[in-house]
Amino acid sequence: MVSTKGPIRVVSTWVRRQPPKVKAFLAVVSAMAALVLLRAIVHDHDNLFVAAEVVHSIGISVLIYKLMMEKTCAGISLKSQELTAIFLAVRLYCSFVMEYDIHTLLDLATLATTLWVIYMIRFRLRSSYMEDKDNFALYYVLIPCAVLALVINPSTSHNIINRIAWAFCVYLEAVSVLPQLRVMQNTKIVEPFTAHYVFALGVARFLSCAHWVLQVLDSRGHLLVALGYGLWPSMVLLAEIVQTFILADFCYYYVKSVFGGQLVLRLPSGVV
């Protein structure tokens, strides 16, 4: 009997059956292939950072649509939104005092929409907020990020407070999605708009990571030297990689769900 399974489903099934080490290897190979492709088709790699901000904005737009049209915030982590607002506010401050550019305007727009989402969850749609599922303690990330920023920060000529603030927002951005992943882990079922939003975050963070990696490769490591000496340059790159891989597992199941024609994403045990 001839199998009716499509090639994507066949590949998905094969990958799912592989041991963790093989899956990790395949993930690294796929990421490297994507980087090679982006390097070939995107000549100005600064555009990748702008693209990351645009995709993030699209994700937030999807979130806003959900809040306005469905009148519910079920499945959305208020704590993730609050962490996002904190690192955006700190990064906005750093942009104003250190390097005012187009990224400053993009961050300002993203912060404004994030604050609106927080307002809607806290006040207008409070009855649908799943507070019992959003049980990730914020001090688990705020305190370590603050301590790390005090210890490892840029060795530039800027004021020490500004350097610590810069490091803090870099570290906090890398882990700000963890409360949202905890909510999805607790519910196991992710409705479409929330899934679209988290997937957009994953894509945005991959593009941001690709921007940094390609900049380092193009400058032959000189960019890391320009960021300062010590552990800080490596920590910047590590933070970008960490925030990408945090969402990699979810993005895999999202793509699989979309190609499988499933409107609601069901996560297996152990995912995120």
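Residues numbered from 1 in each chain as written. Predicted model: local features only at pLDDT ≥ 70, side-chain atom pairs only at ≥ 80, totals over all residues. Heavy atoms only, no water.

For the protein, an unreviewed UniProt entry supplies the name ER lumen protein retaining receptor family protein and the organism Abeliophyllum distichum. One UniProt comment on the protein, placed under Sequence similarities (unreviewed entry), says "Belongs to the ERD2 family." UniProt, in the comment section headed Subcellular location (unreviewed entry), describes the protein in these words: "Endoplasmic reticulum membrane". (UniProt positions renumbered as here; feature names shortened; annotations may be inferred.)

**Re the overall build of the protein**
In terms of regular secondary structure, the protein is built from 12 helices and 2 strands. Shown N-terminal to C-terminal, the secondary structure of the protein runs as helices and strands in the order α-α-α-α-α-α-α-α-β-α-α-α-α-β. Across the 272 residues that make up the protein, the buried fraction comes to 44%. When contacts within the protein are restricted to residue pairs at least 6 apart in sequence, those whose partners lie at least 24 apart make up 78%. Accessible area for the protein stands at about 14,300 Å²; split by element, carbon and sulfur atoms hold 68% of it. (Helix = DSSP H or I, 4+ residues; strand = E, 2+ residues; numbered from the N terminus. Buried < 20%, exposed > 50% of the residue type's maximum accessible area, 1.4 Å probe, protein only. Contact = heavy atoms within 4.5 Å. Areas by Shrake-Rupley, 256 points an atom, 1.4 Å probe, with all protein chains shown as cover.)

**Notes on helix H7 (residues 160-175)**
Over its 16 residues, H7 runs 23 Å from end to end, which matches the ideal 22 Å to within 8%, given 1.5 Å per residue. Burial runs high along H7: 12 of the 16 residues are buried. Listed in full, the buried residues belonging to H7 are Asn162, Arg163, Ala165, Ala167, Phe168, Cys169, Val170, Tyr171, Leu172, Glu173, Ala174 and Val175. Capping the start of H7, Asn159 holds a side-chain oxygen 2.7 Å from the backbone nitrogen of Ile161, two or three residues further along. (Expected span 1.5 Å × (residues − 1). Polar contact = N/O pair within 3.5 Å; in protein donor to acceptor, adjacent residues only side chain to side chain.)

**As for the pattern of salt bridges**
As enumerated under the stated definition, the model contains 7 salt bridges in all. Between Lys66 and Glu191 there is a salt bridge, with the nearest N and O atoms lying 3.1 Å from each other. Of the two residues, Lys66 sits in helix H3 (residues 46-70) while Glu191 sits in the loop between strand E1 (189-190) and helix H9 (192-218), which places them 125 residues apart along the sequence. By the burial criterion, Lys66 is buried, and Glu191 matches it. (Salt bridge = Lys/Arg side-chain N within 4 Å of Asp/Glu carboxyl O.)

**Brief notes about the packing of aromatic side chains**
Enumeration according to the criterion identifies 8 aromatic pairs in this entry. An angle of 90° between the planes, with centres 6.0 Å apart, marks the rings of Phe136 and Tyr140 as edge-to-face. By relative accessible area, Phe136 is classed as buried at 10%. Residue Tyr140 is classed as exposed on the basis of its relative accessible area of 51%. With centroids separated by 5.6 Å and ring planes inclined at 70°, the aromatic side chains of Trp166 and Trp232 adopt a geometry described as edge-to-face. Taken together, the positions of Trp166 in helix H7 and Trp232 in helix H11 (residues 232-246) put the pair 66 residues apart, joining distant regions of the chain. (Phe/Tyr/Trp six-rings, centres within 6.5 Å; stacked < 30°, edge-to-face > 60°.)

**Some words on the environment of Ala195**
You can see Ala195 is positioned in helix H9. Under the relative-accessibility criterion, Ala195 is labelled buried at 4%. For the pair Ala195 and Leu63, spaced 132 residues apart in sequence, the C-alpha to C-alpha distance is 9.7 Å.

**As for the UniProt feature "transmembrane region" (unreviewed entry) in the protein**
Mapped onto this numbering, the UniProt entry gives "transmembrane region" (unreviewed entry) at residues 24-42, 48-68, 104-125, 137-154, 193-214 and 234-255. Counted over residues 137-154, helix gives 72% and strand 0%. Its end C-alpha atoms are 28 Å apart. For residues 234-255, the helix share is 95%, the strand share is 0%, and the end-to-end C-alpha distance is 31 Å.

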